[in-house]
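Chain by chain, the residues:
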Amino acid sequence: MADISAEREGLMDGMPRDERGYWQPEGQKLPNPVFAWPPEPMKVAKWLWNYLFPWHLIYMVLAALTVIYLQPEMSRMTTFKADWIAYIFVRNQIMLIVFVSAWHVWLWARKKQGFQFKYTPDWMAKGKKQFLGGNQLFDNIFWSCVSGGTIWTAYEVVTLWLYANQYIPYLDPRVHPVWFVLIMLAIPMWRLFHFYWVHRFLHWPPLYKAGHYLHHRNINVGPWSGLSMHPIEHILYFSCAAIHWIIPSHPIHVVFNLQHAGLTPAQGHAGFEAVIVNGKYNLAGASYFHQLHHRYFECNYGEPDMPFDYWFGTSHDGSEEAHVAMREKRFARHKIRTSAA
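A brief look at the structure comes next. (Residues numbered from 1 in each chain as written. Predicted model: local features only at pLDDT ≥ 70, side-chain atom pairs only at ≥ 80, totals over all residues. Heavy atoms only, no water.)

**Quick look at the overall build of the protein**
Logical step 1: Each helix and strand counted, the protein has eleven helices and two strands in total.
Logical step 2: Across the protein, helices and strands are ordered from the amino to the carboxyl terminus as α-α-α-α-α-α-α-α-β-β-α-α-α.
Logical step 3: In summary, the protein has a C-alpha radius of gyration of 21 Å against a globular reference of 20 Å for 341 residues, a match within 12%.
Logical step 4: Projected onto the principal axes, the alpha-carbon positions of the protein cover approximately 65 × 50 × 45 Å. (Helix = DSSP H or I, 4+ residues; strand = E, 2+ residues; numbered from the N terminus. Rg over C-alpha atoms; globule rule 2.2 N^0.38 Å.)

**Regarding the packing of helix α3 (residues 82-109) against helix α4 (residues 136-164)**
Logical step 1: The contact between α3 and α4 brings their axes to 9 Å, and the two run at 140°. It follows from the interaxial angle that α3 and α4 lie oblique. For the pair α3 and α4, the crossing hand works out as right-handed. Contact residues: W84, I85, I88, F89, R91, N92, Q93, L96, I97 and H104 in α3; L137, S144, C145, G149, T150, W152, T153, E156, V157 and L160 in α4.
Logical step 2: When its residues are assigned to classes, the contact of α3 with α4 shows eleven nonpolar, seven polar and two charged. (Axes fitted to C-alpha atoms, helices over the stretch in contact; angles between N-to-C directions. Parallel < 35°, antiparallel > 145°, perpendicular 65-115°, else oblique. Left-handed = near helix turned anticlockwise from the far one by under 90°. Contact = heavy atoms within 4.5 Å. Nonpolar A, V, L, I, M, F, W, Y, C, P; charged D, E, K, R; others polar.)

**Some thoughts on the side chain of D139**
Logical step 1: Structurally, the position occupied by D139 is in helix α4.
Logical step 2: There is a polar contact of 3.4 Å between the side chain of D139 and the side chain of N140.
Logical step 3: Apart from the residues lying within four places of it in its own chain, the contact partners of D139 are F131, L132, R217 and S228. (Polar contact = N/O pair within 3.5 Å; in protein donor to acceptor, adjacent residues only side chain to side chain.)

**Regarding the packing of helix α2 (residues 55-69) against helix α8 (residues 251-268)**
Logical step 1: Here α2 crosses α8 at 130°, and the two axes come no closer than 9 Å. Put simply, α2 runs oblique to α8. Crossing of α2 against α8: the hand is right-handed. On the side of α2, the interface is formed by W55, H56, Y59, M60, L62, A63, A64, T66 and V67, while α8 contributes P251, I252, V255, F256, Q259, H260, L263, T264 and Q267.
Logical step 2: For the contact of α2 with α8, the per-class residue count stands at twelve nonpolar, six polar and no charged.

**Structural notes on the packing of aromatic side chains**
In this description, an aromatic ring pair is defined by two values, namely the gap between the centres and the angle between the planes.
Logical step 1: Within the structure shown, the criterion is met by 31 aromatic pairs.
Logical step 2: In textbook terms, an aromatic cluster arises when at least three aromatic residues are bridged by ring pairs, as seen for F35, W190, F193, Y196, W197, F308, W311 and F312.
Logical step 3: Here K118 stacks its cationic end above the ring of W123, 4.9 Å away from the centre of that ring.
Logical step 4: Against the face of Y22 rests R295, its NZ or CZ located 4.0 Å from the ring centre. (Phe/Tyr/Trp six-rings, centres within 6.5 Å; stacked < 30°, edge-to-face > 60°. Lys NZ or Arg CZ within 6 Å of the ring centre and 35° of its normal.)

Below, the structure is given as structure tokens:
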């Protein structure tokens, strides 16, 4: 890619960009080596380390602290009452606003690192009629909080009520500490498994037109775009928590699962490959794999850590070769549909 000219809104970040100002990171994320054959123990060990540190460990600690210090007593949750439900709702909304705003303010509002590591040359759209009030940021915040925060809380409230009334299996960490830890470690992978299939389902034309289109109005995504979805999509997306209605689990598992679903989209849609810390250290940022999904729509429905896209031929690494292959598949499908009609 050729370096973009200085006239393009100050895009002089020292990074090679194409003629439209798009930047592509070098070295795309490879599929999870856990699924490779023959086994590659060293690569698996490295992947496991990166899998846990730092982000998943942070979310695990946050979930544990939430249940220990910020959760109503289980005895209060045997019946649906406004006091404890409102408490959980407000708590979740505060977490959502604080966490997503931290990403947004640093990278998008204050623009602390300019365009460095930014995938696109654009900022949040204004004056676009497809967004509420013509403002992409306002639109994204509205759908994230009003729909997303509410449905997140609804799943949590129902699941805690089921625990309080002993309607679903409970796992005591004092009796089964190993299972408790293993389930905790497995939840992010379950989330990726669940996300892929729900996401593919949402691209079924009737569901796309009914709800998923709202999320895809965000082609240039920012932190608040991650959870900006139609209520139909939020209901399906947060249904990842329903697994705890079947599998013996602990409230910490439920809270971790839902906080992971509610908070990680901010990072995944941050629009920056990395966050610069102290002028030199680069903290892992957004998912370029998913960034390409918002750009091209018909690829990268999941993430490489659960490599369904590689197995089913829908992966896109950002290269021109991958884009040509995607267009050829699209044309072939269109030709089959046309001939069948």
